[in-house]
Each structure stands twice: as structure tokens, then as C-alpha cells.
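One letter stands for each residue in the lines below.
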Amino acid sequence: MVTETRNRQDRATSTRTLILDAAVACLVELGYAGASTLAIQAKAGVSRGRLLHHFPSRDELLVAASQHLTATRLAQTEVRVAEQVGEEPEGPRRVERCIELLWTTFHEPPFWAAVELWTAARTNPALAAALRPEERALREAIREVGDRIWGPAVCAHPNYPELRELLFTSMRGAALPYTFERHRDPANDPHVPLWKSLAHRLLFTDGQC
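First, a word on what this report is: a plain description of the structure on this page. (Residues numbered from 1 in each chain as written. Predicted model: local features only at pLDDT ≥ 70, side-chain atom pairs only at ≥ 80, totals over all residues. Heavy atoms only, no water.)

1. What about the nonpolar core?
Residues V95, I99, W103, W150, M171 and W195 are the most contacted members of the largest nonpolar core, which totals 33 residues. Breaking this core down by element, the ones donating at least two residues are α4 (58–85), α5 (92–104), α6 (109–121), α7 (125–150), α9 (160–175) and α10 (191–203). Looking at this core element by element, the count peaks at seven residues for α9. With sequence-adjacent residues up to four places away left out, W103 is seen in contact with M171, A174, A175, Y178, P186, A187, D189, V192 and W195. By size, the runner-up hydrophobic cluster in this structure holds 26 residues, among which are V46, L51, L61 and L127. (Core = buried A, V, L, I, M, F, W, Y, C linked by side-chain atoms within 4.5 Å. Buried < 20%, exposed > 50% of the residue type's maximum accessible area, 1.4 Å probe, protein only. Helix = DSSP H or I, 4+ residues; strand = E, 2+ residues; numbered from the N terminus. Contact = heavy atoms within 4.5 Å.)

Written as C-alpha cells, this is what we have:
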């Protein structure tokens, strides 16, 4: 009986993840307007009843999908950054590398899925209401992952909270033009050296870090 219950739970979790992954794919590929429940159902390969069982509301589904993928990608980003800067001693070079790697996350599917939802929420009060608490929780998760990526010396610096917020908001804004300027290479974005220069001034000019 316990095994049967666990199997049902595993199947439900698997189906939910399948639906969420399909919803994110539709959101990124088709935009908010094109990510209908029918399109998501077709991509997930599930019945209408099963989709509605897990997500009665389309907006609830799309918000959950975006948060699901972002949370997954946050964990992957933390691992990737740790692998690429793990041997780098704390100091200016490690900070520069972290900035480069964090910037790449603003050009991945989770960010574009979020942009679709933010844009739609401007004129959709129900979506805005569903999105608001999720975005607050996600922002806190991003801070926690970022704190582990930078390392204890940087996090202990009195200017770190200011740098963290400035980088996040600036990177988010700088990424938006890439929605229509796909030919540009983010690695060559002129903001990157500006962010590095800002980090140097805030963290290393006083000799504290």
C-alpha cells in the first residue's frame, strides 16, 4: 500500500514537471500570448484533464513554470560558477569572472520566460497578483545563491549589498534590448567592463577585500 501510494506520488510529480517544462518551452518559443493551455498540453503530451488537475488556471501554470525553471537554473548556475571559479583565489580576478558568469544568466530561457510574464502582467491584474509573491521569493533565492558565489570575503565587505543590487538591476535592464537585437554578443556588451570597474571601486580601492 505504501509502495502504491509512493508510485502515485512519483507519477504525479513526474507529470507536473513535464507540464511545467512544456509551459516554459511554450512561453519562451511562443511568448505569453501563444502559450495557451492547448499548446502546453500538446507539447507535454498529457490529457486536458490531467493538465487541469495540476493547474486549473493558465496564469497559475505559467507563473509556476517560470519559477520552476528559474529555481532549477539557479542551482545549475551555482554549480557552474563554483566549477569555473572554484580554484580562483578571492580577489579582483574572481570578482570579474563572477560578473561575466552572472551576466550570462540574463540570456538564458528563465530570464526570457520572466520577461514575457512581466510584460503581460502590466495589463493583467490577476497575473500580476500571482506573480508578485513568487517574484519576491525568487529575488531572495537569487540573493542567497549570489552570496555563495561571491565568497565570504566579498560578502563581508560593507559595500557588497550595494554592489549586489546595482549589478542585478543593471544587468536586468541591460539584457532587455537583446529581445530585438539578437545579433549582439553579450560577452562584448560595453556594460561588462563598466560593471567590473564598479566592482573594483567598491570592493578593492579601500584595501578591505
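2. A closer look at the packing of α6 against α7
Remark: α6 packs on α7, axes separated minimally by 9 Å, with the N-to-C direction vectors making an angle of 135°. The angle between α6 and α7 places the two elements in the oblique class. For α6 against α7, the interelement crossing comes out left-handed. Facing α6, whose interface residues are L117, W118, A120 and A121, α7 presents L127, A128, L131 and E135. Of the residues contributing to the contact of α6 with α7, the split by class is seven nonpolar, no polar and one charged. (Axes fitted to C-alpha atoms, helices over the stretch in contact; angles between N-to-C directions. Parallel < 35°, antiparallel > 145°, perpendicular 65-115°, else oblique. Left-handed = near helix turned anticlockwise from the far one by under 90°. Nonpolar A, V, L, I, M, F, W, Y, C, P; charged D, E, K, R; others polar.)

3. Observations regarding the packing of α7 against α9
Packing of α7 against α9 brings their axes to within 12 Å, and their N-to-C directions diverge by 120°. Between α7 and α9, the angle is such that the two are oblique. The handedness of the crossing between α7 and α9 is right-handed. When α7 is examined against α9, the residues R139, I142, R143, G146, D147 and W150 are found in contact with a partner set consisting of Y160, R164, E165, L167 and F168. For the contact of α7 with α9, the residue count by class is five nonpolar, one polar and five charged.

4. With respect to α6
In a regular helix each residue adds 1.5 Å, so 13 residues correspond to 18 Å; α6 covers 18 Å between its end C-alpha atoms and thus fits that length. Regarding α6, the residues found buried are P110, F111, W112, A113, A114, V115, L117, A120 and A121. (Expected span 1.5 Å × (residues − 1).)

5. Re the packing of aromatic side chains
Enumeration over the complete set of coordinates arrives at seven aromatic pairs. Residues F111 and W112 carry aromatic rings whose centres are separated by 5.0 Å and whose planes lie at 70° to one another, so their mutual orientation is edge-to-face. Connected via pairs of aromatic rings, a cluster forms that spans F106, F111, W112, W118 and F168. Across the ring face of F168, the terminal group of R139 is positioned such that the distance to the ring centre comes to 3.6 Å. Directly above the ring of Y178 sits R184, whose terminal nitrogen or CZ lies 4.3 Å from the centroid. (Phe/Tyr/Trp six-rings, centres within 6.5 Å; stacked < 30°, edge-to-face > 60°. Lys NZ or Arg CZ within 6 Å of the ring centre and 35° of its normal.)

6. Here we look at α7
Here α7 spans 37 Å end to end across 26 residues, near enough to the 38 Å set by a 1.5 Å rise per residue. Along α7, the sharpest change in direction is near 30° and occurs at L131; proline P133 comes one to four residues later. The set of residues buried in α7 consists of L127, A128, L131, E135, L138, R139, V145, G146, I149 and W150. Residue N124 occupies the N-cap position of α7, its side-chain oxygen lying 3.2 Å from the main-chain nitrogen of A126. Positioned one or two residues after α7, G151 has a phi angle of 100°, which is positive. (Bend = angle between axes of the 7 residues up to and from the residue. Polar contact = N/O pair within 3.5 Å; in protein donor to acceptor, adjacent residues only side chain to side chain.)

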